[in-house]
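# What the coordinates show
Take a look at the letters that make up each chain.
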2 protein chains.
Amino acid sequence: MSEPVNIPTHWYNIAGDLPVAPPPHLHPGTKEPITADDLAPLFAKGLIEQELSTETNIEIPEPIRDVYRNYRTTPLIRAHAFEKALGTPARIYVKYEGVSPVGSHKVNSAVAQAYYNSIDGVKRLTTETGAGQWGSALSFACAKFGIDLEVWQVRASYESKPYRRFLIETYGGTVHASPSELTDAGRQVLADYPDTPGSLGIAVSEAVEVAVKDPAARYTLGSVLNHVVLHQTVIGLEAVAQLRAAGEENADVVFGCAGGGSNLAGLAFPFIREVLHERAATRVVAVEPAACPSITRGEYRYDHGDIAGLTPLLKMHTLGQDFIPDPIHAGGLRYHGMAPLLSHTVELGYVEGKAVPQTDAFAAAVQFARTEGIVPAPESAHAIAAAAEYAKGLTEPEVVVIGLSGHGQLDLPAYHAYLSGNLD
Amino acid sequence: MSEPVNIPTHWYNIAGDLPVAPPPHLHPGTKEPITADDLAPLFAKGLIEQELSTETNIEIPEPIRDVYRNYRTTPLIRAHAFEKALGTPARIYVKYEGVSPVGSHKVNSAVAQAYYNSIDGVKRLTTETGAGQWGSALSFACAKFGIDLEVWQVRASYESKPYRRFLIETYGGTVHASPSELTDAGRQVLADYPDTPGSLGIAVSEAVEVAVKDPAARYTLGSVLNHVVLHQTVIGLEAVAQLRAAGEENADVVFGCAGGGSNLAGLAFPFIREVLHERAATRVVAVEPAACPSITRGEYRYDHGDIAGLTPLLKMHTLGQDFIPDPIHAGGLRYHGMAPLLSHTVELGYVEGKAVPQTDAFAAAVQFARTEGIVPAPESAHAIAAAAEYAKGLTEPEVVVIGLSGHGQLDLPAYHAYLSGNLD
């Protein structure tokens, strides 16, 4: 029996480890590099420190590790049956975050964000959510740390996919369909387009507006920003150690899905650390939906994180702040931009992008479910599809790691649609 | 760091360890003790051997352990936050089976049943399911071992709770609403009651009828029988070892929900082994719904497992083969009888029953979700409610173990109904 792998004691901040410093975020008004003071109305102090930090290793506070202990370390599964079905010589390992209480990796950052807000005395948090993975993770975290949560959920999801809304409410959070009558941004959109299905960009603007107007409230974001990426590195830190414990020296290729980028970056950055320190030559593939291809088809430039331009300007791969992707089932990947830190590592050549059509993603996910038992979240299905295609093309053994960011049990109607030939 | 706990190498068969042998099953026609030959048209040979075995330790075949490795050992979680919320001096440990690929403990037996059928060359299995936990677990297991599966699902669930039906289909199984036009039993019911919502008893009769008529097919059951209980003992075997690894000598009380009984027995029998061998004085509480109280209100006598009387006669606590429980959300607990082995341990004084109303179960489950993050299956919620009530009454520390048989993410509409004050 191999040595057990422990829960990490520190997050890994790649910003302190790269040969070229990442471009700073800019103030949306002055266009100057953003300061901690600029961010103070929006985020908890501890999170702002992390956003701007160049420390390579940042200690995980004990109250956060205490929650992590309830579900971490998450399994690294050798997918023997999936390999056999693919007929590949690859050894495929799947890092599975779906065992978290809420069912996805989002909990890793939600717990940290709620904690740092709680030590600032914050009693009210706002956020947006699409399909609801982030909203439900944060609702759980807020329940843990005694904070009231209001979530603006994209109206189309609010109405058509009620399960995650019920999950947010079960943890005690309040959900508003976005656009709502509760904000200037929402009222404006409703006046112009009463029947709009909403979008993440609108929901961000609503949640930010409410937080900024209430000095006792703060805003939280479930991906994109440096501190969110930082928290997610527990995934990759464990995976690197678990792979070694399983007898593998290194990964040859790492596949993860990328929407805002925190899942892929969280998994991949600890593998890239091995590359940076010349201990490995691992390739990293960020898999995005063909319907929202920010890395493979977007521009690398400064852009806003929301439609109303309330967020800082972020240097990232972007399809434009007003880009509205098709309504694919992988709601967590429907974002116009990509985490600046991840975009930067793409530019430096440590990460490559790959776009996958939705039907290919579901085909691979069904094959994975029938061999390994786990029904992947539609987001994760994109990574599985890209990895499967790669593995099938191999003639020599390689070590392939797939990030499985969450389970898809609340997305079963999408599987039903795929199996019935009715996928949009 | 404590010693890691390994996946068990053997299941524990309490039938070989009890001071009084359990009463045999009887042939429904002759009323004589049932033989292996009698059972041959219904079940795989390996399962029949286990059903009749008095060996105490039965080796788990490697192909089954291989699937177990993908999700076992399952976590034993110290529920610090829940303890604090209850204000109890108890140390509460939760054995959590919801991390299995399908989301509940049912996989433990499904994999074993599919495996033993596969080595008999069986190509077609039939079964029934209520809410769909068992059907989805078996569908996954059949995909693993290359067997076609047909599931008769109680019509009310088939129509109103489609997610688990989609899950069965995602794994490749076929689902029929029961009663169906495909069987004599189904056609009979439909002729008499065209609008019937169906029942588990009817669905069992349909699945048995189809299996018996096709020499190449076999039937499977997700609870009640000795071999199913046997497979589930991996839960308790791990929990006993994990509790010791956590520094506890023994459990004082073990709570688990009991419908057909395999979850509770699987968790509790390894703890009762400690009692039988005078290494512990653990109490075991089988928690059942007030709407279907077979242990606390039923009779202990021979009865059939299905409405049509096709199954063997089982000596068990029963509300009668034609008892139709109220449509509570804990569909997995809506069964008129109780596993004969579990009923026998109740009679011998090793297990006591406790009935819990549905609203109490949801109240405790919401408190648990808000403190520990896991949304319990409505079935498991009954165990949590009984344990919480017990723990709140303690003035001295005790070690309390709760079996959390599955997550409730596919039961969120029931939580929504509870939180809205609209629970049936």
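Just so it is clear, the structure is predicted and the values come from calculations on it, not from any experiment.

### A word on the packing of aromatic side chains
- According to the stated counting rule, one finds 21 aromatic pairs over all chains in the structure shown.
- Arranged with centres 5.1 Å apart and planes meeting at 80°, the rings of phenylalanine 82 of chain A and phenylalanine 368 of chain A form a pair that is edge-to-face. On the criterion of sequence distance, the pair formed by phenylalanine 82 of chain A in helix 4 (residues 80-86) and phenylalanine 368 of chain A in helix 15 (residues 358-372) is long-range, its members being 286 residues apart.
- Note on phenylalanine 82 of chain A: relative accessible area 0%, which makes it buried.
- Each ring, one from phenylalanine 43 of chain B and one from tyrosine 219 of chain B, has its centre 6.0 Å from the other, and the planes form 45°; the classification is tilted. Taken as a pair, phenylalanine 43 of chain B in the loop between helix 1 (36-39) and helix 2 (45-52) and tyrosine 219 of chain B in strand 8 (residues 217-219) lie far apart in primary sequence, 176 residues in all.
- An aromatic cluster is defined as three or more aromatic residues linked by ring pairs; in this entry it consists of Tyr163 and Phe166 of chain A together with Tyr163 and Phe166 of chain B.
- One Lys or Arg, arginine 165 of chain B, reaches over the ring of tyrosine 158 of chain B and ends 4.1 Å from the middle of that ring.
- The ring of tyrosine 12 of chain B has arginine 273 of chain B sitting right over it, with the charged end atom 4.4 Å from the ring centre.

### Looking at the UniProt feature "domain: Tryptophan synthase beta chain-like PALP" (unreviewed entry) in chain A
- Per the UniProt record, the feature "domain: Tryptophan synthase beta chain-like PALP" (unreviewed entry) sits at residues 70-406 of chain A.
- Secondary structure content for residues 70-406 of chain A is 44% helix and 19% strand, and the end C-alpha separation is 16 Å.

### Comments concerning the pattern of salt bridges
- Applying the stated rule across the entire model yields 38 salt bridges over all chains.
- Notably, a salt bridge pairs glutamate 389 of chain B with lysine 354 of chain B, separated by 3.6 Å at the nearest N-O pair. A residue pair is termed long-range when its members are at least 10 positions apart, and glutamate 389 of chain B in helix 16 (residues 378-392) and lysine 354 of chain B in strand 13 (residues 352-356) qualify at 35 residues.
- Residue lysine 354 of chain B is classed as partly exposed on the basis of its relative accessible area of 30%.
- Residues participating in the shared-partner salt-bridge network are Arg72, Lys95, Glu97 and Glu238 of chain A.

### Some points on the interface of chain A and chain B
- Facing the 37 residues of chain A at the interface are 37 residues of chain B.
- Three residues stand out in chain A for area buried against chain B, namely Tyr163, Thr170 and Gln409 of chain A, and they jointly supply 20% of the buried area on that side.
- For the interface between chain A and chain B, the tally reads zero salt bridges.
- In this assembly, chain A and chain B are joined by 16 residue pairs in polar contact (both at pLDDT 80 or more).
- Those elements that provide at least two residues to the side of chain A that touches chain B are strand 3 (76-78), helix 6 (133-145), helix 8 (162-170), helix 15 and helix 17 (412-419) of chain A.

### Thoughts on the sheet that holds strand 8 of chain B
Residue and element names in this part refer to chain B.
- Strands sit in the order 7-6-5-8 across an open sheet of four strands; the sheet is parallel. Bordering the open sheet on either side are strand 7 (174-178) and strand 8, each of which pairs with just one other strand. Geometrically, the sheet is characterised by an average inter-axis angle of 25° between neighbouring strands, direction not taken into account.
- Relative to strand 7, helix 8 (residues 162-170) is tilted by about 145°, and along the sheet it contacts strand 5 (124-129), strand 6 (148-154) and strand 7.
- Those strands touched by helix 10 (residues 200-213) are strand 5, strand 6, strand 7 and strand 8, and its axis lies near 170° from that of strand 5.

What counts and how
Residues numbered from 1 in each chain as written. Chains lettered and ligands numbered in written order. Predicted model: local features only at pLDDT ≥ 70, side-chain atom pairs only at ≥ 80, totals over all residues. Heavy atoms only, no water. Phe/Tyr/Trp six-rings, centres within 6.5 Å; stacked < 30°, edge-to-face > 60°. Helix = DSSP H or I, 4+ residues; strand = E, 2+ residues; numbered from the N terminus. Buried < 20%, exposed > 50% of the residue type's maximum accessible area, 1.4 Å probe, protein only. Lys NZ or Arg CZ within 6 Å of the ring centre and 35° of its normal. UniProt positions renumbered as here; feature names shortened; annotations may be inferred. Salt bridge = Lys/Arg side-chain N within 4 Å of Asp/Glu carboxyl O. Contact = heavy atoms within 4.5 Å. Buried area = accessible area lost by both parts, 1.4 Å probe. Polar contact = N/O pair within 3.5 Å; in protein donor to acceptor, adjacent residues only side chain to side chain. Pairing = 2+ DSSP bridges. Axes fitted to C-alpha atoms, helices over the stretch in contact; angles between N-to-C directions.

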